[in-house]
Amino acid sequence: MTEFHIAQLNIGRARGPVDGPVMAEFMALLDPVNAVADASPGFVWRLQTEEGNATALRPYEDDRMIVNMSVWESIEDLAAFVYRSGHVDVMRRRREWFESMKPYMVLWWIPAGQLPTVEEAKERLAHLRDHGPTPFAFTFKASFPSPDADTDVVVDDELGCPA
């Protein structure tokens, strides 16, 4: 069992008030998608209020900014939820409900048993925006191994294609 888990934050600027008509379908899909996350292999924790989600939190000055934060046992577990579960259908429709932002998502390693704070997550996202992917803050496309991963991998730049 790994000594580290993967934390993720994603943010979005809603195209309208959370309780308005533009966001109604997104809000209706939120509980079912969160239930899929909660039941997914490798799920550890997600940020939520008494309502069962984090849409009431306003960690940014902009009232239309929504955050989602969770912790998973591995990048593979998180990727399986994000790209190979019912979540992907909602994610494909992101532009219907949220304005385009880059970056809107960040990953980072945390010690197993620790929970990230929203302020820490915001710092990681800002670091990714300002410096690109690093071991401090990265993405699925440009990820880094956990601090306890076996780093004895040898990369042979001289090895050619066998074809």
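Report follows, based on the coordinates. (Residues numbered from 1 in each chain as written. Predicted model: local features only at pLDDT ≥ 70, side-chain atom pairs only at ≥ 80, totals over all residues. Heavy atoms only, no water.)

**Some words on the overall build of the protein chain**
Our working definition: Each helix corresponds to a stretch of at least 4 residues labelled H or I by DSSP, and each strand to a stretch of at least 2 residues labelled E; elements are numbered beginning at the N terminus. Each residue is placed in one exposure class: buried if its accessible area under a 1.4 Å probe, protein chains only, is under 20% of its type's maximum, exposed if it is over 50%, and partly exposed if it falls in between. In what follows, residue pairs with any heavy atoms lying within 4.5 Å of each other are defined as contacts. Note on areas: Shrake-Rupley with a 1.4 Å probe; residue coverage comes only from the protein chains shown. His is not counted, nor are the chain ends; Lys and Arg add positive charge and Asp and Glu add negative charge. The atom standing in for a charge is NZ when the residue is Lys, CZ when it is Arg, CG when it is Asp and CD when it is Glu.
Looking only at helices and strands, the protein chain features five helices and four strands. Reading the helices (α) and strands (β) of the protein chain from amino to carboxyl end gives β-α-β-β-α-α-α-β-α. Taken along the three principal axes of its C-alpha coordinates, the protein chain extends 60 × 35 × 30 Å. When burial is assessed residue by residue, the protein chain has 42% of its 163 residues classed as buried. Within the protein chain, residue pairs in contact and separated by at least 24 positions form 73% of the contacts whose partners lie at least 6 positions apart. Entry remark: accessible area of the protein chain is about 9700 Å², with carbon and sulfur atoms responsible for 54%. Between the centroid of the 15 positive side chains of the protein chain and the centroid of its 26 negative side chains there is a distance of 10 Å.

**A few points about the pattern of salt bridges**
In plain terms, the rule: Here, a salt bridge means any Lys or Arg side-chain nitrogen found within 4 Å of an Asp or Glu carboxyl oxygen.
Enumeration over the complete set of coordinates arrives at 10 salt bridges. With a closest N to O distance of 3.3 Å, Arg-124 and Glu-120 form a salt bridge. Of this pair, Arg-124 and Glu-120 both sit in helix α5 (residues 118–131), four residues apart, roughly one helical turn. Judged by its relative accessible area of 12%, Arg-124 falls in the buried class. Here the salt bridges do not stand alone but share partners, grouping Arg-13, Asp-62, Arg-64 and Glu-99 into one network.

**What about the nonpolar core?**
For clarity, the threshold we go by: For the purposes of this section, nonpolar cores are sets of buried Ala, Val, Leu, Ile, Met, Phe, Trp, Tyr and Cys residues that join through side-chain atoms within 4.5 Å.
Counting residues in hydrophobic clusters, the biggest one holds 25 residues, and the most contacted among them are Ile-6 and Phe-140. For this core, the secondary-structure elements that each account for two or more residues are β1 (4–13), α1 (24–39), β3 (65–72), α2 (75–84) and β4 (105–111). Sort the elements by how many residues they give to this core and α2 lands first, with five residues. Those residues in contact with Phe-140 that lie beyond four places of it in its chain are Ile-75, Leu-78, Ala-79, Val-82, Tyr-83, Met-105 and Leu-107.

**Considerations on the sheet that holds β3**
Counted only if it meets this: Any two strands with at least two DSSP bridges between them are considered paired. The axes are straight lines fitted to the C-alpha atoms, using for helices just the contacting stretch, and the angles between their N-to-C directions are given from 0 to 180°.
Spatially, four strands are ordered β2-β3-β1-β4 in an open sheet, and the strand pairing comes out antiparallel. Since the sheet does not close on itself, it has two edges, and those belong to β2 (43–46) and β4, each with one partner. The mean inter-strand angle of the sheet, taken between neighbouring strand axes irrespective of direction, is 25 degrees. Taken together, the eight bridges between β1 and β3 define a ladder with antiparallel strand orientation. For Gly-12, the partnering residue across the bridge sits in β3 and is Ile-66. Lying over the sheet, α5 contacts β1, β3 and β4, oriented at roughly 125 degrees with respect to β4.

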